[in-house]
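# Architecture at a glance
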Amino acid sequence: MTQKQKSNQSIANNRRASHEYMFEERFEAGIALEGWEVKSLRAGKVQIDQAYVLLKGGEAWLFGALITPLATASTHKIHDPTRTRKLLLHRREIMKLIGNVERKGFTLVPLNLYWKNNRVKLEVALAKGKKLHDKRAADKERDWQRQKQRTLKDF
């Protein structure tokens, strides 16, 4: 594995997000973590399917991300697997997000949790919810692409 491939190694993906939302813009945010959480991330004990991002008091917070503590991590401390975690973004990015979320009706969706230069990063998307007909159109397009690949494979 090359150094570049190793540095951007994915930890967890939110596959459901692409079905539920249309993405306008993506941001890379750092996360304030505790030591036991980093150990759990290295072991792959994380889920971001139910997670969401809220903006409070000029800061971004990650809610609902489940990081399961390892049994060997720390036995003398009580761990909260779903605690709120602060996202580290630049001030101008936060102001831009606040404007879009409050005025234009966008929402912030966590997409991908990954390693970058030995730091944990979260890819957050500025998104709008899909309507039912949009979901059906996306499903139809995906099925068409699969059918096309099958027919090309036969030749």
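What you are looking at is a predicted structure, and each value in this text was computed from that prediction instead of being measured.

### Notes on the packing of aromatic side chains
On inspection of all chains with the given rule, the structure shows one aromatic pair. Where Tyr52 meets Phe63, the ring centres are 5.6 Å apart and the plane angle is 10 degrees; that geometry is what we call stacked. Pair noted here: Tyr52 is in strand β4 (residues 52-56) and Phe63 is in strand β5 (residues 59-63), with a separation of 11 residues, a long-range link. Taking relative accessible area as the criterion, Tyr52 reaches 40% and is therefore assigned partly exposed. What makes Phe63 buried here is its relative accessible area of 16%.

### Some words on the pairing of β5
For β4 and β5, the ladder comprises five bridges, and the chain directions are antiparallel. The residue of β5 that forms the bridge with Leu55 is Ala60. The hairpin formed by β4 and β5 contains two residues between the paired strands, and Gly57 there has a positive phi angle of roughly 60 degrees. When β5 meets strand β7 (residues 85-88), the two strands line up antiparallel, connected through three bridges. Counterpart to Ala60 in the pairing with β7 is Leu87.

### Notes on unusual backbone geometry
At Asn117, a residue that is not glycine, the phi angle is positive and equals roughly 55 degrees. Located in the positive-phi region is Asn118, a residue other than glycine, with phi close to 60 degrees. Assignment of secondary structure puts Asn118 in the loop between β8 (107-116) and β9 (119-129).

### Brief notes about the nonpolar core
Counting 28 residues, the largest nonpolar core has Leu41, Val46, Leu87 and Leu113 as its most contacted members. For this core, the elements supplying multiple residues, two or more each, are β1 (10-13), β2 (21-31), α3 (35-42), β5, α4 (91-104), β8 and β9. A per-element tally of this core places β9 first, with four residues. Discounting residues that sit within four places of it in the chain, Leu87 has contacts with Ala29, Gly30, Ile31, Val53, Ala60, Trp61, Leu62, Leu122 and Val124. Ala17, Val109, Ala125 and Ala127 belong to the second-largest nonpolar core, a separate cluster that totals five residues.

### Quick word on the side chain of Asn112
By the element assignment, Asn112 lies in strand β8. The exposure class assigned to Asn112 is buried, which follows from its relative accessible area of 15%. There is a polar contact of 3.1 Å between the side chain of Asn112 and the side chain of Ser10. With residues up to four places along the chain from it excluded, the contact list for Asn112 reads Ser10, Ala12, Asn13, Ile48, Lys121, Leu122 and Glu123.

### A look at the pattern of salt bridges
Enumeration according to the criterion identifies nine salt bridges in this entry. Salt-bridge contacts for Lys96 lead to Glu25; the nearest nitrogen and oxygen are separated by 2.9 Å. With a gap of 71 residues between them, Lys96 in helix α4 and Glu25 in strand β2 connect regions that are remote in the sequence. Residue classification places Glu25 among the partly exposed positions, given a relative accessible area of 29%.

So, how was this worked out
Residues numbered from 1 in each chain as written. Predicted model: local features only at pLDDT ≥ 70, side-chain atom pairs only at ≥ 80, totals over all residues. Heavy atoms only, no water. Phe/Tyr/Trp six-rings, centres within 6.5 Å; stacked < 30°, edge-to-face > 60°. Helix = DSSP H or I, 4+ residues; strand = E, 2+ residues; numbered from the N terminus. Buried < 20%, exposed > 50% of the residue type's maximum accessible area, 1.4 Å probe, protein only. Pairing = 2+ DSSP bridges. Core = buried A, V, L, I, M, F, W, Y, C linked by side-chain atoms within 4.5 Å. Contact = heavy atoms within 4.5 Å. Polar contact = N/O pair within 3.5 Å; in protein donor to acceptor, adjacent residues only side chain to side chain. Salt bridge = Lys/Arg side-chain N within 4 Å of Asp/Glu carboxyl O.

The values are spatial; any link to function lies outside them.
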